Every structure is written in C-alpha cells, then in structure tokens.
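Structure assessment
Residue strings, one per chain:
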Amino acid sequence: MNMTTTQEIRHRALSTNARKHLVSSRSIARPLLLAVTAFALLGSLWICAAAQSESGSAAMEGTVTGPNNTAVAGATVTIRNQETGYSRTVVTDANGRFAAGVMPVGAYAVKAAATGYAVTKFEGAQLTVGSRTTINLVLQLPSSGEGGVVVSAPRESIDHEEMGSSSSLGLRFISGLPLRGRNFTEFAKLTPGIVQESDRFGLAVSGQRSINSNVAIDGADFNDALQGNQRGGNDAVFFFPQTAVREFQVVRSGATVEVGRTSAGFVNVVTKSGGNHFHGEGFYLNRNAHLTSPNAFDRSLGNKQNHFGGSIGGPIKADRAFFFVGAERNYLQVPFIVKFKSQPAGVTVPAALASLEGEHQGTNNPTAIFTRTDITLSNRDSLNFSYAYSRLTGKNFNPELTPDNAVANFVRTGSSHAVKASFISVFNPSLLNELRGQFANDNRDESPIVNRPLIVIGGFGSLGGDTGRPRTYDAARYQLTDNMSVNRGQHQFRLGFDLNVNRMIQSRINNVQGRYDVLSLADYVIGKVDRYRQTLPASTSSDLVFNGTQRELAFYAQDKIAIHRNLMITAGLRWEGQWNPQPDNPNLALIETTRIPNDLSQWQPRVGLAWNVSPSGKTVVRFSAGLYDSRTPATLIQRVVTENGASSLFVDSKADKSLLSLLHFPDALTSLPAGIKLAVPSAVGFEQQFQNPRSFQTSAQLESAVGTKMVLSLGYVHGSTWSLQRRIDRNLLPPVANATGTPIFPTVRPNPTISRFSVNESSAHSRYDGMTVTATRRMAARLSLQANYTLARSLDDDSNERTFNRETDLNPFDLTLERSYSTQDVRHSFNVTGLADLPGGLEFSGIVLARSAFPYTPVIGFDTQNDGNDVNDRAIINGRVAGRNSLRQPSFFNLDLRLLKALKVGESRHVDVIAEGFNVTRTSNKYFGPDAVSEFGAPAKPASVAGQALFAPSTARFGGPRQLELGVRFVF
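Residues numbered from 1 in each chain as written. Predicted model: local features only at pLDDT ≥ 70, side-chain atom pairs only at ≥ 80, totals over all residues. Heavy atoms only, no water.

1. Side note on the pattern of salt bridges
- On inspection of all chains with the given rule, the structure shows 48 salt bridges.
- Of the charged contacts, one joins Arg372 and Asp218 as a salt bridge, the two residues approaching to 3.8 Å between their closest N and O atoms. Placement of Arg372 in strand β21 (residues 365-376) and of Asp218 in the loop between β13 (214-217) and β14 (220-221) is noted, with a sequence separation of 154 residues between them.
- A salt bridge links Asp667 to Arg452; the shortest N-O distance between them is 3.2 Å. (Salt bridge = Lys/Arg side-chain N within 4 Å of Asp/Glu carboxyl O. Helix = DSSP H or I, 4+ residues; strand = E, 2+ residues; numbered from the N terminus.)

Structure (structure tokens):
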C-alpha cells in the first residue's frame, strides 16, 4: 500500500464527498424544513415587542415627553444616519416609548414631531455594536418664529438596557492603538476577564476553554467548524483585514438568546461601510532586524516584516447605495534558533548535523480582502452583501520550538472565501425582519518540509521529518438565520432561527512518515536503530481521512418588558440541536466507535435585568443568569473514524524485532512488509451518553457615570460548566499506588485485542469566579482611556483544548485527583489602553498588559505507570507524586507605545508618520510551551531543563522581543 501526498488525500476525499452529496442534501432538507415550519408558527404568534442586544448591529430606544414630563403618544420619531442618509421612522406608544432595532452602527440625528408641539432634534447620537443607545426627547410648546429645538448629544452615556457583562472598543482605538499582528481578535485581550491561552493563540473568556467561544462578523458565524476558535485556525495569523473593522464588542457573560453555541464569551465585530463621501486610508509598516532586540534567550534575530494595505469606501448613489473595500498583505519572517544538546568531550558532531544549528527563518505571509455593498431599496427595505477572501503561505510555520529540535516544521498553505447577504424589511413601525445567509469555506494544508521519518537521538536532539504531518483541514459552512422583532406596548419581543451546515474533511494521523529512535549520537552515526514506528492505512489512503457533515439548528424567543421607566427585564429561551456525522466503517467489536451521539436537548433559558437606579440616569445595575451550550468540534470525531482499531495499521519494532532488518535507515516504509507482526492497535471512541458542554452563568454589574467624562463599573461573573469533553483510556485494570502515590497499572489489559482505548467523555467540570473593575474615559479634552483589573479564580479537573492525542489524567479510576487550578487560571490581570491628542498634530497611544502566572504540571517525560502513555506521568517532588497544575510559570508584562505625527494635506486629508514600540521594557515573558508542562525527569535522572521555561512569544505576539516599527499612512 503506497503512501500518498496531501493533495491526493484531498482529491480522494472530495470525490467521496461528492458521492455522498445526494444523501447529505436529503439530510439537510429535514432540519431546514423543520426550521422554516417552526419559524412560521412562531411568527404567527404576534405576541409583542422589538429587538434586544444586537449581533452585528445596534439599536436605539427612548421616550418622548412633553414639557410637564407627560408621555406623548403617537409622536413620530425619525432616526437618520448622518453618514449614509439611511433613516427609520417609528411611532411612540401610549407610554411615549419608541424602539428601533437592527440599526447600522454610526452617528445619527433623531427628530421627534407631534401635533401641538415644536419639532425637537437630537444631533450626534452614537450607535455602537451590540448596544442600545437611549435617547429621551422633550417636546416644547411652539413659539413664534421657532423652527425647532436642537439638542446636542451628551459627551458620556450609559447603556441603560444592556443586561450582560460586556466591553466595547470603537474605531478610534482600533485605528489608533499599536497592535503587532493586526489581528482583530487581539483587541479582545484589551477587555477585562480575558487572557490569551498559555500554550496556544485562543482567547480564554471568563476562564472558559477558548474553543467554546463564539466569534461573529456582521452577525455571521466566524468560527472554525473543525477545531473551534475563530476561522483560520488557532494560530497567530490575521485572517481578516483590520482596516475593515469598525467596532468590536466582547460579551463576557449574559449574552441574549440570539447568541448561542458558546459556554464562554461572544466576540461581536462590525465592519466599515461606505457613506455619502469617499473616505479611506493606505498604509505601509516595516520592522527589521536592526529594530528588533535579542529574544528572551538573548539570541539576536533576523526578523523582517513588511505590512501594507488600505481601504476605500464611498457612494455608488448618494443616500441609496454604497461600497467599501479593504485589503492587507503581510510579509513576515519569524526567526528561530536550533541548538542541539552539548556532547561530552571527545564526541564529534557530524558536519551535516552541525550545519542544522543556528538561526532559521519561518515565514507567515497572509493576504486578506474584504468588500461590502449596502443598498437602500426603499424606506422599508435594505440589502447588504459582503465578500471576504484570505490566503496564506508559511514555511517553517512553527517557529516556537525547543532549541534541540530541528524538525516539527512544515509548510502551511490555506485559502478561504466567505459570502454573506442580509435583507432587512421594516413591515411597519412595529414589525421588522432580518434574514441572513452565508457561505464560507476554509481550506488548509500542512505539508512537512522533509518527507522523511522523524529521528530522535537520545541526549542530542531531533531531526528529519514531522510525525504530525501531512495534515489537511477543509471546511465549508452554509448558514441561514432569520430574526423577527415586534414592538407592542411595554414589550419588545424577538424570535428567530439559525441553521448551520458544516461539511468537513480532515486528515491528521501521527507517524504516517515514520519515526526512528536511536539511543545516542554514536548510534546515529553507525545507523544503529533502537526502535521504529509507522502508521499505514488498512486498505486505501481514504481510511486515514475523515469526511463528514455536521448540522446545527437553533430556535429562540425572548421578551423584554418595561416594568417601569427605570426597570427592564428579559426572559428568553433558546433551543439548539447538533447532528454529528457517523462513521462509515466502524469497528463493530467496540460499541464506542459505532456511533457519534447527537445532542438534541440543549434547552437554554436566560433572564436579565437592567435597573436605572438614579433619576439622572447616571447609575445602572445589571444582572443576568442563564444556561449556555457549546459546540463539540469535529476534530474530536475524526479519530473515531480513522483510528477505531481497524482502519489503520501500526508497525512497531517492539512488536516485531525483525522489522529493524527490513528498514533502510533513515527512509520510511512505502508498504507493509509481508509477514510482519503488527503492533496491537489503539482505538478512539465516544461514550454513548456524550453531550455538549453546558454552563450556568450569572453576572452582576454596577455602572456609574462620573461627571461627563468618566464611567466606572464594578462587576462579578460566575460560571459553572459541566459535561466538558475529556478523553480517557478505558482499557486499563485498576492500579495500585506505590509509595509516592503514583498509580501503577497491571500490564494485562481487559481487552487484549487493543492497547489504549481513548474514549471521549463529557465528564469534566470547571468553575470560574471573577470580579472586574473598569474605568473608561471617552475622548474628551483630547484624552481617551480604558483601564481594567480582574481578580479571578478558575478551577477544573481537565483543561483539554480539544487536545488531539494526549490523555493527561493520572488515574482514570480516580478523576478527583485532577481537581486543581485550570491551565488558564490567572489570579490577577490588568490592562490599560489610552490615546491622547497632543499639540502640533501629534497623537500618542499605548497598551499595557500584565497578569500573574499561569500554572503548569511537572512531568517525567516517559512511561512509568505501565499504561502505554508517556504524557501523564507526574514528577516525584519531595517523595510524592506532583499534582496537576501544582506549580506556576513566570508572570507576564507587555508595554506597547505609539507616536503619530499628522501632516495635513488639504481640508480632509492627512499623512501620518508612525513609530510603534512593542514590549518596550523587553520583558522576557517565557512560558512552558504546549499543554503547560515541564519535564522534571525522575529523581535518579532529573531533566537538565527541569522547571525552566523553554518557550517565549515570537515577534508576532504580545510580549515578544522588543521591536520598533516605522510606518506611514495616508488618510482621506
């Protein structure tokens, strides 16, 4: 059986997918029909109401009263966008209230008119993403010669009706802050209660697993269906042009029922659009080795980066149609150092190996394009179309390696297309509907630079190929959503549905290229092999490919009731179902490999309250509580399909010593040698009661305006999440603990036909408690500032971030031993962002990020428990086995600064000269790498790097080496 390339794997998988298309289409039709039918029934209820917090848009509401504070019923309120001319007209109810949902973000003028009163106008109302702006208008009696009353917008306002815990960043911060990677998700780290994972690039929101977050752009799903996190993978790659991002909101807790498929946070992004005037920018940014400090290990770096792009927006037809285009391109070289372990005196390192040492360059060259068109069809109907494209080429894409590793590198290529359309219909002032549809794909290949086996040389290092590659990730998302809002009396009601169909192909099998282990450098020189391993398909290469469709359907309904002018409550219910792909060729001898459980019982009630405490409207109390369910990423399903104990073959010289005589070191096998005894296979399955994670979340917040410039808030978030996924070897007999407390398992397994049987179970639990203090000063007197402090504690008994092939539990028969601090536990975190306009056209801005240490687990690095697992063996410290996450990594500090000089070129154009400094204090920010572990070795043979942080952020991440970036930007 011949080995195949990544391209051949994809081609065969696509052919298989095409043959399944008819069956898949029929399967899709049933939930779609159910969605449409149910929505029609819900829509016919016509209970009451209007919109609540918005996904990808904004809302406005308020009251119209007369001179004596009496409600004015039947007043006409016209809300007009000052950038595009788009307008919406609503009518006040018997209590003088009005509401307008699903509004584009931007600056608005509001006009109220009623018989017997002078017209009142309100200028400069700002609608921001995900929030509801309250505008209260007072009508005056007409007087001779009076053309109307004009009221200016207040400098500072508080959202009086938001009930969750959230933070926002506006366009001024987005365009004015220094940001290393120009990746919009990095803005989330500037809000309270959020940290970047200790070992990857995802965002841990309120202590939850990053894969359980939800990212949306303009209300459309922007998540990776295969692996979780944002589309494009869990890497330091910008996948969307920052120049196209207008506003950014992070909901830490209390998202309304419109938001689902998350037990963590909701990242809500809205893009720029065109207006009645042409506007845009073009920029070029440069970093190079002369402007880069040595890294955290005092090694000089040959870093190079050239980043350029721009955007333009304007009218196609004034007040009717607009366009926007944004694009960015980055050429980045991220250096890394290879340095093998020192050898004893008299041992000569071969020249071929010595030449691998030194600095190497990894590249990360993405391109991202976004286009948007907005069309106002009439005063009732509007259309929006958008298209996003990205591609990436990266060589040596995994530069954050231990120094003695000359492998684990690969070439990554990828591309993505996303098309979204939305249609908003205002049937009457009280009834509005928004229909959205999206198609988005994300195709990624990871090919090894060297198509040869990995060679691990004891006491020296590693070289050769990459045991984890080739890999293929292909995903296509089809999404259809509909939201209906009705406004009647004191009620604001929203109902809708959301259908996602995700077609996926994934190939990710370890040891396809093979692995050699030699005991020493001397053995390597003479070709003496201690062990060889390789994975081969059972029949054809398609045996090693997962190909399936995952379907998600949700319905939701929510009522928001004005109990009093100063008190709003919400009550809503969301239901979600997830239909998982099923194995085509299960191992019938193992029931856990025959079925991937669906989850159709995700009922999520949620309530909220907003109480405007003070008569002046400057103090608000918010409260929310509810249930939140997450997705199960399809990457967990792949191994059940490709590693079920029958679909793949595993050769190991430990199982058949004669294999060593058939090898041609250092080449891999191209087919299975005749007569070779196979190693006992491992297998992966799902417990048949598996369900998606479920979280109970509650939050409370006190927010108060101090004068006209500052807002202070004090908040608390609690989250308790159960049914979290973990993977456990269920083919072991009960162990006996030795004197150190380490469990030692019998060498005989209950099922002798397989070795490890890794079963996905929904049995893990986490708890998070966090208190946040925030001070926000909007741009006033040329200064804008936001400061956040979070005091938190995060506990769990498994922190698995969809770990692909690691079972870290010490003893599967006593999981209470795993209860400890979460891998993402941060006791103290603090961040400050500020921007100041200085005299002479100067602008100064900065970012401070500081947090206390993540925990880590000390491990031995080899199997001492007889369970065939070398990642769960804990170090013995002071005579006892170490606990999970019992030690702490270094703390983190990062200071980024930016200075800009604006040179005017006409009335509305200027050229900006920019200098940005990243990690200006050059803090090392070292950490312990993947899975937050450190190898201590055994007491009799301790590791030379025990307790040492061997990794540090690259130049693409917060906290990386100090760098100076110079650039220029033209704004018009």
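2. Overview of the packing of aromatic side chains
- Per the counting criterion, the structure on display carries 21 aromatic pairs.
- An angle of 25 degrees between the planes, with centres 6.2 Å apart, marks the rings of Phe308 and Tyr331 as stacked. Highlighted residues: Phe308 in strand β18 (residues 304-317) and Tyr331 in strand β19 (residues 321-338), separated in sequence by 23 residues.
- Owing to a relative accessible area of 35%, Phe308 belongs among the partly exposed residues under this scheme.
- Residue class for Tyr331 comes out partly exposed when judged on its relative accessible area of 40%.
- One aromatic cluster is present, formed by Phe184, Phe187, Phe222, Phe239, Phe240, Phe248, Phe324 and Phe370 through successive ring pairs.
- Its end group placed over the ring of Tyr473, Arg444 keeps NZ or CZ at 4.9 Å from the ring centre. (Phe/Tyr/Trp six-rings, centres within 6.5 Å; stacked < 30°, edge-to-face > 60°. Buried < 20%, exposed > 50% of the residue type's maximum accessible area, 1.4 Å probe, protein only. Lys NZ or Arg CZ within 6 Å of the ring centre and 35° of its normal.)

3. Comments concerning empty space enclosed by the protein
- The space that makes up the largest cavity amounts to roughly 460 Å³.
- In terms of lining, the largest cavity is formed by 31 residues, of which the most central are Pro104, Arg372, Asp374, Asn384 and Ile424.
- When residues of the lining of the largest cavity are assigned to their parent elements, the largest contribution, four residues, is made by β21.
- Among the residues forming the lining of the largest cavity, the class breakdown is ten nonpolar, twelve polar and nine charged. (1 Å grid on protein atoms, 1.4 Å probe; cavity = no way out; pocket = protein on both sides within 12 Å on 5 of 7 lines; lining within 4 Å. Points joined across faces, edges and corners; volume = space filled by probe spheres on them. Nonpolar A, V, L, I, M, F, W, Y, C, P; charged D, E, K, R; others polar.)

4. Considering the confidence of the model for the chain
- On average, residues of the chain carry a pLDDT of 88, and 91% of them reach 70 or more.
- This stretch, residues 1-6, has a pLDDT under 50; its non-local contacts, to residues over four places away or in other chains, come to 24 contacts.
- Low pLDDT, under 50, characterises residues 11-53; the stretch is placed with 84 contacts to residues that sit more than four places away or in other chains. (pLDDT = per-residue confidence, 0-100. Contact = heavy atoms within 4.5 Å.)

5. Considering the environment of Val267
- The residue Val267 is located in strand β16 (residues 266-271) in this model.
- For Val267, a relative accessible area of 4% corresponds to the buried category.
- Put simply, Val267 and Ser213 are 54 residues apart on the chain and 7.8 Å apart in space, counted from C-alpha to C-alpha.
- Excluding residues within four positions of it along the chain, Val267 makes contact with Asn214, Val215, Ala216, Phe248 and Gln249.

6. Things to note about the sheet that holds strand β52 (residues 933-935)
- Strand order in the open sheet formed by three strands is β49-β46-β52, and the pairing between neighbours is mixed. Each having just a single partner strand, β49 (887-888) and β52 make up the two edges of the open sheet.
- Note that strand β46 (residues 855-859) and β52 share three bridges and pair parallel. Looking across to β52, one finds that Thr857 is bridged to Val933. (Pairing = 2+ DSSP bridges.)

7. Quick look at the nonpolar core
- Judged by nonpolar contacts, the single largest core of 34 residues is most densely connected at Phe184, Phe187, Leu190, Phe240 and Phe248.
- Setting aside its immediate chain neighbours within four residues, Leu190 contacts Leu169, Leu177, Gln786, Asn788, Asn831, Thr833, Ile847, Leu849 and Phe958.
- In this structure, Met60, Val72, Ala114 and Leu137 belong to the second largest nonpolar core, which totals 25 residues. (Core = buried A, V, L, I, M, F, W, Y, C linked by side-chain atoms within 4.5 Å.)

8. Looking at the sheet that holds strand β35 (residues 648-652)
- Taken together, the five strands give an open sheet; going across it, the order is β26-β25-β29-β30-β35, and neighbouring strands pair in mixed fashion. The sheet terminates laterally at β26 (461-464) and β35, the two strands that pair on one side only. Averaged over all pairs of adjacent strands, the angle between their axes in this sheet comes to 15 degrees, without regard to strand direction.
- Here strand β25 (residues 454-457) runs beside β26; their pairing, made up of four bridges, is antiparallel. Its bridge partner being in β26, Ile455 is matched across the sheet by Leu463. (Axes fitted to C-alpha atoms, helices over the stretch in contact; angles between N-to-C directions.)

9. Comments concerning unusual backbone geometry
- A cis amide bond links Arg469 to the next residue, Pro470, at an omega of 10 degrees.
- Of note, Pro470 is situated in the loop between β26 and β27 (471-488).
- The omega torsion of the bond from Phe665 to Pro666 falls at 10 degrees, within 30 degrees of zero and hence cis.
- Examined against the element boundaries, Pro666 turns out to sit in the loop between β35 and β36 (683-686).
- The phi torsion at Asn885 lies on the positive side, around 50 degrees, for a residue other than glycine.
- Using a relative accessible area of 4% as the deciding quantity, one classes Asn885 as buried.

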